[in-house]
Amino acid sequence: MAGAKVIDGKAIAAEVRRSVAADVETMRREAGVTPGLAVVLVGEDPASQVYVRNKAHQTVEAGMRSFEHKLAASTSEADLLKLIADLNRSTDVHGILVQLPLPGQIDARKVLEAIDPAKDVDGFHPVNVGRLSAGERSLVPCTPAGCVILAKSVQPELKGLEAVVIGRSNIVGKPVAQLLLREDCTVTIAHSRTRDLPAVVRRGDLVIAAVGRPGMVRGDWIKPGAIVIDVGINRVEGPGGKARLVGDVAYEEAARIAGAITPVPGGVGPMTIACLLKNTVSAAREQTSRTG
Ligand code: NAD
C-alpha cells in the first residue's frame, strides 16, 4: 500500500531516553548531582493517574529521582501553592510538573505561574513562553519538542521548508510553530477559522496536525513526499464496538502520498515523556552550574 516511511516514535523515544540516562550518569559522576523530577497530581482523574505513573516509572528508569505528590481532589489553591513554593526551594528537585487538568477550585494559570521558570520542565510558564518566542534559550514544551525530533529523524535539516501547523493551542500549535521558525522553516499556522484548509495544507513540505478531530486531514490534502507529524490522539469506536486511538490524519490515505508519516499510537505520543526527561536533565545542569 503505502509509499511513506513510517516514523517509529517508540524507537526514537527509547533512543532519547537512553541518551538522557547517559547524561544523568555523567552528571552524577562529574557533579555528584542526581536530577530530580517532582510530579504533582490533584484528584483522581484515571487518565492523569496513568500519565503520572508512566512519568514516574520512566524517570526512575533513566536514573533520576522521582517525587510524586498525590493530593486530594478537594485540595485548596493555597495548599497547592504552598507545595509549589516548597518544591521551588528544594535542592533535590530540578523539575516540577503539575498534571493538568486541575479541579475547578484551583486557578491553573496561577499555579503554573508559581513554578520557578528554571524548574518549569513543561515549558508553560510565561517566562519560558516569552523566551521561546524571542528565540532565547528556554525550557521548551515537551510534545512540540518531540515533533521536531521526529521530523528531523527523516530530514535532519529543516531549513527553508514550508511548514504548516494545524492548530494554535498554547501547548502544541503555537510552540511547535516557534520551534519550526527556529529551524528556519517558513511557518503557516492554520486553525478553525482558516479559509480553504486543504489548499493551505497542500503547501506543506512538513505538516503538523494538532487539532483533536479524528481523520480530519485527508490524503489529497498532502503534498506528495511531505513529512506528516500527527499529534492528534482521538478515541473512536472500532470494529465490534471496541475503543481505539486514531490521529487527526486519515492515515491510510495520507501514507500513500506522504514521504514519511507518524502512526497513532506509536508516533508523537511516546516522545512527550522522553522530552520531559530531557528537559529535567537540562534544568538540573543549568541549576547546578548556577550554584557552582
Ligand atoms: P486544543 O483543543 O487546545 O486545540 C485544537 C486546535 O485545533 C485549536 O487551535 C483550533 O483552532 C484547531 N481546530 C479545531 N477545529 C479545527 C478545524 N476544523 N480546522 C482547523 N483547525 C481546527 O487541542 P490541543 O491541546 O492542541 O491538542 C490537539 C490534539 O493533540 C488532541 O487530539 C490532543 O489529544 C493531542 N495531544 C497529544 C499529545 C501527545 O501526543 N502527547 C499532547 C498534547 C495534545
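See above for the structure.
No experiment lies behind these values; they were computed from the predicted model shown. By convention here, each chain's residues receive numbers from 1 onward along its written sequence. The predicted nature of this model means local features are confined to residues of pLDDT at least 70 and side-chain atom pairs, given and counted, to a pLDDT of 80 or more, with totals for whole chains, interfaces and linings taken over all residues. Side-chain calculation: all heavy atoms of the structure are included, whereas hydrogens and water are not.

Undergrad: Looking at this structure, I do not really get the packing of helix α1 (residues 9–31) against helix α6 (residues 142–154). What am I missing?
TA: Helix-helix packing: each pair is described by the crossing angle between the helix axes and the interaxial distance. It is at 11 Å that the axes of α1 and α6 come closest, and there the two elements cross at 105°. By the angle between their directions, the pair α1 and α6 is classed as roughly perpendicular. Across the interface between the two elements, Gly 9, Ile 12 and Val 16 of α1 pack against Ile 149, Leu 150 and Ser 153 of α6. Each residue belonging to the contact of α1 with α6 can be placed in one class, and the counts come to four nonpolar, two polar and no charged. Lines fitted to C-alpha atoms define the axes, with helix axes restricted to the stretch in contact, and inter-axis angles between N-to-C directions lie between 0 and 180 degrees. The helix and strand labels rest on DSSP assignments: H or I over at least four residues marks a helix, E over at least two residues marks a strand, and numbering proceeds from the N terminus. Working rule for angles: under 35 degrees goes down as roughly parallel, over 145 as roughly antiparallel, 65 to 115 as roughly perpendicular, anything else as oblique. The contact criterion used throughout is that any non-hydrogen atoms of two residues lie within 4.5 Å. When residues are grouped by polarity, Ala, Val, Leu, Ile, Met, Phe, Trp, Tyr, Cys and Pro land in nonpolar, Asp, Glu, Lys and Arg in charged, and all others, Gly among them, in polar.

Undergrad: Explain the sheet that holds strand β4 (residues 95–98) here, please?
TA: To summarise the sheet geometry, strands pair through backbone hydrogen bonds and adopt either a parallel or an antiparallel arrangement. Two strands qualify as a pair provided DSSP detects at least 2 bridges between them. Taken together, the three strands give an open sheet; going across it, the order is β3-β2-β4, and neighbouring strands pair in parallel fashion. If you trace the sheet from one side to the other, it starts and ends with β3 (65–71) and β4, each paired once. The mean angle between the axes of side-by-side strands here comes to 15°, regardless of whether they run parallel or antiparallel. Where strand β2 (residues 36–42) lies against β3, seven bridges are found, and the strand directions are parallel. By the bridge assignment, Val 39 is partnered in β3 with Glu 68.

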